[in-house]
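These are the residues of each chain, in order.
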Amino acid sequence: MSTLNDKAGFKARVLAWAKKLDVPVRALSLRQMRNKWASCSTAGNYNFNLDLLEVERDLADYVIVHELLHSHVPNHGKLWKSMMLVHLGDYDALAARLVKTTTSEKTVPQQRLPVIPFEQRKIGRNNVVETGQGVVTSRRK
Ligand SMILES: [Zn+2]
């Protein structure tokens, strides 16, 4: 399966999903991130890990949809899960493959592991949530 191996292609993919999911995107960036695949804020700012350009397209979609849906649902509860299911199908399998990719690819730093199950993560006060590891930052009130 092909990857989204250029920034413009990746961003176009994010924006296409955003349109489909009716999610406003104010700012979108791709950057080196050591400990997570993506982060978002309720203000509509999205950051994605550059390493996502190297993973298979459906795994990138998993991270993209995961993050965008937080615009509607700031947690990983029943509503979020059912939306994930509608748009991605068996997203648990995708998440598992993403973890495997993380463990098997040399390019991905070991520090990213282990991935904490989404259910164990906390949501910050300003609803900043992150995909890929259970680090939550909350700098604003
Ligand atoms: Zn999440």
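Bear in mind that the values here come from a model prediction, so they are computed numbers and not experimental data. For every chain, the first residue of the written sequence is number 1, and numbering continues from 1 onward in sequence order. The predicted nature of this model means local features are confined to residues of pLDDT at least 70 and side-chain atom pairs, given and counted, to a pLDDT of 80 or more, with totals for whole chains, interfaces and linings taken over all residues.

This part is about unusual backbone geometry. The backbone phi angle of Asp22 is positive, close to 60°, even though this residue is not glycine. Helix and strand assignments follow DSSP, with helices taken as H or I runs no shorter than four residues and strands as E runs no shorter than two, numbered in order from the N terminus. Among the secondary structure elements, Asp22 is positioned in the loop between α1 (7–21) and β1 (27–31).

Once that is clear, we can look at the confidence of the model for the protein. Confidence scores labelled pLDDT are given residue by residue by the predictor and lie between 0 and 100. Averaged over the protein, the pLDDT score is 79; the fraction of residues at 70 or greater is 68%. Contacts of residues 132–141 to residues separated by more than four positions or lying in other chains number 30 contacts, the stretch itself having pLDDT below 50. Contact between residues is assigned whenever the C-beta positions, reconstructed from backbone atoms, fall within 7 Å.

It is worth spelling out the nonpolar core at this point. Counting 25 residues, the largest nonpolar core has Phe48, Leu52, Leu59, Ala60, Tyr62 and Val63 as the members making the most contacts within it. Of all the elements in the fold, those that place two or more residues in this core are α1, β2 (38–40), β3 (45–49), α2 (57–69) and α4 (91–104). Not counting the four nearest positions on each side in its chain, Phe48 is found in contact with Phe10, Leu30, Ala38 and Val63. In these notes, a nonpolar core means any group of buried Ala, Val, Leu, Ile, Met, Phe, Trp, Tyr and Cys residues linked to one another through C-beta atoms within 7 Å. Remark: C-beta atoms are placed from the backbone, and a residue is labelled buried if 20 or more other C-beta atoms sit within 10 Å of its own, exposed if 12 or fewer do, or partly exposed between those counts.

A word on the packing of α1 against α2. Only C-alpha atoms enter the line fits that serve as axes; for helices the fit covers just the stretch in contact. Angles between N-to-C directions range over 0 to 180 degrees. The geometry of α1 relative to α2 is characterised by a closest axis approach of 10 Å and an angle of 45° between their N-to-C directions. In terms of axis orientation, α1 runs oblique to α2. Note that α1 runs across α2; the crossing there is right-handed. On α2, the residues that touch Phe10, Arg13, Val14, Trp17, Ala18 and Leu21 of α1 are Ala60, Ile64, Val65, Leu68 and Leu69. By residue class, the composition of the contact of α1 with α2 is 10 nonpolar, no polar and 1 charged. Should an angle fall under 35 degrees it is called roughly parallel, over 145 degrees roughly antiparallel, and 65 to 115 degrees roughly perpendicular, with every other angle called oblique. Crossing chirality is assigned from the near helix's rotation relative to the far helix, an anticlockwise turn below a right angle marking it left-handed and a clockwise turn marking it right-handed. All amino acids are sorted into three groups, where Ala, Val, Leu, Ile, Met, Phe, Trp, Tyr, Cys and Pro are nonpolar, Asp, Glu, Lys and Arg are charged, and the leftover types, Gly among them, are polar.

A few words on α1. Look at α1: 21 Å from first C-alpha to last across 15 residues, which is about the 21 Å you get at 1.5 Å a residue. All buried positions along α1 are accounted for by Phe10, Val14 and Ala18. Angularly, the buried residues of α1 cover 75° about the axis, an arc narrow enough to put them on a single face. Every exposed residue of α1 that faces more than 90 degrees away from the buried side is listed here: Ala8, Ala12, Ala16, Lys19 and Lys20. Packed against the buried residues of α1 are β1, β3 and α2. How far a helix is expected to stretch is found by multiplying one less than its residue total by 1.5 Å. In this context, the arc is that of the directions from the helix axis out to the C-beta atoms.

Time to look at the packing of α2 against helix α3 (residues 78–88). Closest axis-to-axis distance for the α2/α3 pair is 10 Å, and the angle between their directions is 140°. As far as their axial angle goes, α3 and α2 are oblique. For the crossing formed where α2 meets α3, the hand is right-handed. Where α2 approaches α3, its residues Asp61, Tyr62, Val65, His66 and Leu69 are matched on the opposing element by Trp80, Met83, Met84, His87 and Leu88. Across the contact of α2 with α3, the residue classes tally to 7 nonpolar, 2 polar and 1 charged.

Once that is clear, we can look at the pairing of β3. For two strands to count as paired, DSSP must find a minimum of two bridges between them. Looking at chain direction, β1 and β3 are connected through 5 bridges and run parallel. Looking across to β3, one finds that Ser29 is bridged to Asn47. Relative to β3, β2 runs antiparallel, the two being bridged by 3 bridges. Paired with Ala38 across the strands is Phe48, a residue of β3. The turn joining β2 and β3, which pair antiparallel and follow one another in sequence, is formed by 4 residues; a positive phi near 95° is taken by Gly44.

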